[in-house]
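So you can see what is in the structure, the chains are spelled out below.
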Amino acid sequence: MKYIVVTGGVVSGLGKGVTISSMGRMLQGCGLRVTSIKIDPYLNVDAGTMSPFEHGETYVLNDGGETDLDLGNYERFLSISLTSDHNITTGKVYRKVIGKERRGDYLGKTVQVVPHITNEIQDWIEEVAHVPVDDHGNRHWEAEAVDGDVATVADKDKDAKVADICLIEVGGTVGDIESSVFLEALRQFQFRVGPSNFCLTFVSLVPIMGEEQKTKPTQHGVRDLRSVGLSPTVIFCRCREVLEESTKSKIASFCHVDGPDCVLSVHDVSNVYHVPLLLLEQNLHRILAEKLQLGSIEGLKGRLDLAMNGLEEKATMWNLCEGSMANEKVMQALASGEKDLDTLAGMSRSMIDWARMAFKLDRFEKSVKILIVGKYTGLQDSYLSVIKSLKHASMAVERKLDLIWVEAAHLENDFENEEMGGEKEYKEAWEKMKSADGVVVPGGFGTRGFLGKVCAAKFCRENSVPYLGICLGFQAMVVEYSRTILKWEDANSTEFDEKTQNPVVIFMPEIDKENMGGTMRLGSRNTAFTHPKHEDGSSSIAQVMYKNAAVVSERHRHRYEVNPERVDIIHDAGLKFVGRDETGTRMEVAELPRSEHPYYVGCQYHPEFKSRPLNPSPPFHGLLLAACGMLDDYTIPQNGK
C-alpha cells in the first residue's frame, strides 16, 4: 500500500479536499485503484451534531456514518463508496483508546498520547486503507433483481479490490494545536511504512499584493511542517493567477523540494473539474510514480499506464497552465470526440470522458434557473451535495446552472417576527419563486421556515412548476396536500405541533428521544417501487428516472416519517406514494401523475449523496429535464424498454 498525505498551511479553506480528490482522479486515469481518508482534529465523534452554519453539510455514507463534507468530494470525484471509518476524528480515537484502557488492554501501563494515541492513529490508517471502496460502476441504485431475488450491496462487495494508493487529508492547518497529535503520528508512520511508500504534499496560499506573487506564507507554512519532522515532496500553490516560474523557483529553493517542477500551480479555473487535468498537465503523476516507485510493483504490471494510452501527450494542448482554456482545437476534440480518443479503454477512457465534461461545461450557452428554498442559506456549504447534484444534472442536460437562493422563512408573511424577515424580503422571495424554472426544497431540522417550505410546495403544485422535495421538503409536500386537498387545516408534523389532530408526519417509534448523535435512521436502505403505474395508465416518473428499477438503494438521515395511518387516505386523494420501504409501511417516494403535473416528486431519502459528475442522481436529473422542457423526450425511450 502506498500513502499520499495532503496537509495545508497559512489559512483553512484553500481546497485540500478538491486537491486530493483531483489527484486521486488523475491516478485513477493511470490505472490505479484509490481510496481516501479524512482526518478531522475536532473532539466530536462525528459531524452529526454540528450546526450547518458552522461546519457545512453533514455528509452521510452507505453505512450511516455522518461525516465531513470532504468525504463527499472524494466519493464524487473518485466514484468510490467510503465507510464511517474513513473519517478519523480526535473524538473517535480517544474514545477507542479510553475503551481499551477501561477493558485493561494496556496491561496496567500509563496510557499516554505517545505512544498509545499515535499508535492507534497509525493502526487505524493502515486498517482502513485496506478496506475495498469500489463503487460498482457508480450506480445510484445498488439493489437489482437477479433471478427474482434482490442482490444486496454485500453480494457485490465480494469482487471489490483493495486500493493501490491511500490518500490522506489532514484537516485544519499546520500549527494548529488540535492537529499536532496527528502530525506526530504521521511523522512516525513514514518510518513504519518506509520512504518509498509514503509521500507528503502541502497545499499553501500564494497571495498577490500589487502585481507580485508573495512566497513568504508558503515558506513559513513549510517551516512549521518541517519543524514537526515532515517534509513535503510536492507543494500545491493556490493562487488567483498562474504561478510564475520565478515564484516556483523561489519556493523550491526555500522549501526544500526537488526543483521547481515539484511546485505546482493550482490557480483559479473556470470549473473545478479542470483541476485533475491541471495536475496532469504539470506531470504530477510522474512525480508521484518516481517517489513511490510505482513502476517496480509487480502487481501493477499491465495495469499501470502513466502515458494513459496517449492521453498524456494531449495534455499539452489544454493550456491550463497558461491560464487559457479557449484552445479551439482542444475544445472541439474533447467536446465532439476524435476517433483516436474514442479507442481508449478502461481508466484512460474514463479520463477522456472527464476531460470532455470539464471543457463542455465551459461551452454551455443556455441556462436553467433552479431555486433552492433553504433554512441555512447563509452558508451555501450547508447544501453542498444538493448544489453538486444540480450541477451534475445540469451538465447532463447541457445547461448552465443559475442557482437562486431563498430563505424559507422569507416566504412566510410573519412580519412581526424579525427572524422571519420583513415585507421587503417577503416580496423579493416570491419574485424569485415566480421566476424559477424549477424548485428544490432540501432537508432541515426545526420549526423555523417550515411554513415557507409548505408554501413553496403549494405554489409549485398549483402552478405546474417542477418541484423536488428532499426529506423535510418531502414532508412539506405531504403536509401541504393534506391541508389544501383533504382540508385538514391543522395537518402538521409532530416535530412542530405535538397536539395536532391530524399528525400526517410522526416521530419514528424506534428512534432514541434522549440522545442526539448517531440516533437517526441513517445510511443506505432499499426502496421498492410498489406503484409503478397510476390510474391514468402513466408510469411513475420517479421509477422511470431510475431506469425502471424495481428496487433502489439510497441514503437516509431522518427521525420523522409519514404517518402510516394516514397513508391510504392521502394516496387515494391523489398524492401517490409510489416508493416504500421493504415492509411497505414506511413512505419513501411521493409524486403526482404527469397528467396532473410536469414533475412533482418528493423523497424521504437524500439522493444527493450518490450523485456523480458523469452519472447524475435520477431525481435531480428528472427535475432538470422537466425545468428545461426535455422530460417527455427523455421518458419516451425509457418507457419503451
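Refer to the preceding data block for the structure.
Model, not experiment: these values are computed from the prediction.

Parameters at a glance
- Residues numbered from 1 in each chain as written.
- Predicted model: local features only at pLDDT ≥ 70, side-chain atom pairs only at ≥ 80, totals over all residues.
- Heavy atoms only, no water.
- Helix = DSSP H or I, 4+ residues; strand = E, 2+ residues; numbered from the N terminus.
- Buried < 20%, exposed > 50% of the residue type's maximum accessible area, 1.4 Å probe, protein only.
- Contact = heavy atoms within 4.5 Å.
- Areas by Shrake-Rupley, 256 points an atom, 1.4 Å probe, with all protein chains shown as cover.
- Salt bridge = Lys/Arg side-chain N within 4 Å of Asp/Glu carboxyl O.
- Pairing = 2+ DSSP bridges.
- Axes fitted to C-alpha atoms, helices over the stretch in contact; angles between N-to-C directions.
- Left-handed = near helix turned anticlockwise from the far one by under 90°.
- Nonpolar A, V, L, I, M, F, W, Y, C, P; charged D, E, K, R; others polar.
- Core = buried A, V, L, I, M, F, W, Y, C linked by side-chain atoms within 4.5 Å.
- Expected span 1.5 Å × (residues − 1).
- Patch = residues over 30% accessible without salt bridge, like charges linked within 9 Å, V, L, I, M, F, W, Y side chains within 5 Å.
- Lys, Arg positive; Asp, Glu negative; His and termini not counted.
- Charge placed at Lys NZ, Arg CZ, Asp CG, Glu CD.
- Phe/Tyr/Trp six-rings, centres within 6.5 Å; stacked < 30°, edge-to-face > 60°.
- Lys NZ or Arg CZ within 6 Å of the ring centre and 35° of its normal.
- 1 Å grid on protein atoms, 1.4 Å probe; cavity = no way out; pocket = protein on both sides within 12 Å on 5 of 7 lines; lining within 4 Å.
- Points joined across faces, edges and corners; volume = space filled by probe spheres on them.

Engineer: Please clarify how the overall build of the chain should be interpreted in this entry.
Structural biologist: Secondary structure summary: the chain contains 23 helices and 25 strands in total. A burial count over the chain gives 59% of its 641 residues as buried. Sequence-distant contacts in the chain: of pairs separated by 6 or more residues, those separated by 24 or more amount to 74%. Accessible surface for the chain amounts to roughly 25,900 Å². Of this, 48% is attributable to carbon and sulfur atoms.

Engineer: I would appreciate a short explanation of the pattern of salt bridges in the present structure.
Structural biologist: Should their charged atoms come close, side chains of opposite charge can pair. Scanning all chains against the criterion turns up 26 salt bridges. Residue E398 is joined to K360 by a salt bridge in which the shortest nitrogen-to-oxygen separation is 3.0 Å. Of this pair, E398 sits in the loop between α16 (384-396) and β15 (400-407) while K360 sits in helix α15 (residues 346-361), placing them 38 residues apart in sequence. Judged by relative accessible area, which is 40%, E398 ranks as partly exposed. E561 is paired through a salt bridge with R586; the nearest N and O atoms lie 2.7 Å apart. A residue pair is termed long-range when its members are at least 10 positions apart, and E561 in strand β22 (residues 560-562) and R586 in the loop between β23 (576-580) and β24 (587-591) qualify at 25 residues. When its relative accessible area of 5% is taken as the criterion, E561 is described as buried.

Engineer: Explain the sheet that holds strand β20 (residues 521-529) to me, please; I cannot follow it from the model alone.
Structural biologist: Sheet strands pair via backbone hydrogen bonds, and the direction of the pair is either parallel or antiparallel. Read from one edge to the other, the open sheet built from 9 strands follows the order β15-β14-β16-β17-β25-β24-β23-β20-β21, with strand pairing classed as mixed. With partners counted over all chains shown, the strands left at the sheet margins are β15 and β21 (551-558), one partner each. Strand-to-strand twist across the sheet, computed as the mean angle between neighbouring axes with direction ignored, equals 25°. Alignment of β20 against β21, held across 8 bridges, turns out to be antiparallel. Along β21, the bridge assignment pairs T527 with V552.

Engineer: What exactly am I supposed to notice about the packing of helix α17 (residues 423-435) against helix α18 (residues 450-462) here?
Structural biologist: Between two packed helices, what matters for the description is the angle formed by their axes and the separation of those axes. Packing of α17 against α18 leaves a shortest axis separation of 11 Å and a crossing angle of 35°. With respect to the hand of their crossing, α17 and α18 are arranged in right-handed fashion. In contact with W430, M433 and K434 of α17, α18 contributes C455, A456, F459 and C460. When its residues are assigned to classes, the contact of α17 with α18 shows 6 nonpolar, no polar and 1 charged.

Engineer: I keep staring at the nonpolar core and nothing clicks. Help me out?
Structural biologist: Side chains that are nonpolar tend, in soluble globular proteins, to be buried together. Counting 101 residues, the largest nonpolar core has M23, L27 and I125 as its most contacted members. Examining the composition of this core, we find that 8 residues originate from one element, α15, more than from any other. Among residues more than four places away in sequence, those in contact with L27 are I4, L32, V34, I165, L167 and L288. The next biggest cluster of nonpolar side chains, apart from the first, holds 46 residues, and it includes V406, Y467, V505 and Y560.

Engineer: How do you make sense of α18 when you look at a structure like this?
Structural biologist: Residues spaced three or four apart along an α-helix point in a common direction, a consequence of the helix completing one turn every 3.6 residues. Here α18 contains 13 residues, and its C-alpha end-to-end distance of 19 Å stays within 8% of the 18 Å for a straight helix at 1.5 Å per residue. Among all positions of α18, only F450, G452, K453, V454, A456, A457, F459, C460 and R461 are buried. Of the residues trailing α18, S464 is marked for its positive phi of about 55°.

Engineer: How should a negative patch on the surface be read in this particular structure?
Structural biologist: On the surface, E245, D258, D261, E290 and E322 cluster together into a patch of negative charge. With respect to the helices and strands, the residue D261 is situated in the loop between α9 (245-254) and β13 (263-267).

Engineer: Help me understand the pairing of strand β2 (residues 34-40), please; the structure alone is not making it clear to me.
Structural biologist: Walk down a regular strand and you will see the side chains alternate between the two sheet faces. Of all 7 residues making up β2, 7 are buried, and the element is well covered by its neighbours. Residues V34, S36, K38 and D40 of β2 are buried on one face, and the alternating residues T35, I37 and I39, pointing to the opposite face, are buried as well. Judged from the 6 bridges that link them, β2 and strand β8 (residues 165-170) form a sheet pairing that is parallel. Looking at the pairing, T35 lines up with C166 of β8.

Engineer: Whenever I open this one, the sheet that holds strand β1 (residues 2-8) confuses me. Can you help?
Structural biologist: Judged by pairing direction, the sheet is parallel, and its 7 strands sit side by side in the order β5-β2-β8-β1-β9-β12-β13 without closing on themselves. Sheet topology places β5 (87-89) and β13 at the edges, where each strand pairs with a single neighbour. Direction aside, the axes of adjacent strands within the sheet are offset by 20° on average. Summarising the sheet, strand β9 (residues 198-205) and strand β12 (residues 234-239) pair through 5 bridges and their orientation is parallel. Considered in β12, the bridge of V203 is made with F236. The strands touched by helix α4 (residues 90-103) are β2 and β5; relative to β5, the strand with the most contacts, the crossing angle is about 70°.

Engineer: Would you explain the packing of aromatic side chains in this entry?
Structural biologist: Geometrically, a pair of aromatic rings is defined through the distance of the ring centres and the angle of the planes. Summed over the entire model, instances satisfying the criterion amount to 13 aromatic pairs. Put simply, the rings of Y3, F189 and F198 touch in pairs and so form one group of aromatic residues. For K96, the ring lying beneath its charged end belongs to W124, and the centroid distance is 4.8 Å. Lying across the ring of W488, R566 places its NZ or CZ 4.9 Å from the centre.

Engineer: For this particular structure, what's the right way to read empty space enclosed by the protein?
Structural biologist: Rolled over the atoms, a probe sized like a water molecule indicates the empty space that remains. In total, this model carries 2 cavities of 30 Å³ or more according to the counting rule given. One number sums up the size of the largest cavity: a volume of about 40 Å³. Lining the largest cavity, in full, are N73, R76, F77, V272, Y273, K388, H392 and P613. Secondary-structure elements contributing two or more residues to the lining of the largest cavity are α3 (70-78) and α16. For the lining of the largest cavity, the element with the highest residue contribution is α3, accounting for 3 residues. Considering only residue class, the lining of the largest cavity consists of 4 nonpolar, 2 polar and 2 charged. Of the pockets and cavities examined, the second largest cavity occupies roughly 30 Å³. Around the second largest cavity, the lining residues are T7, G8, V170, G171, G172, T173, V174, S179 and L183. Looking at the lining of the second largest cavity residue by residue, the class counts come to 3 nonpolar, 6 polar and no charged.

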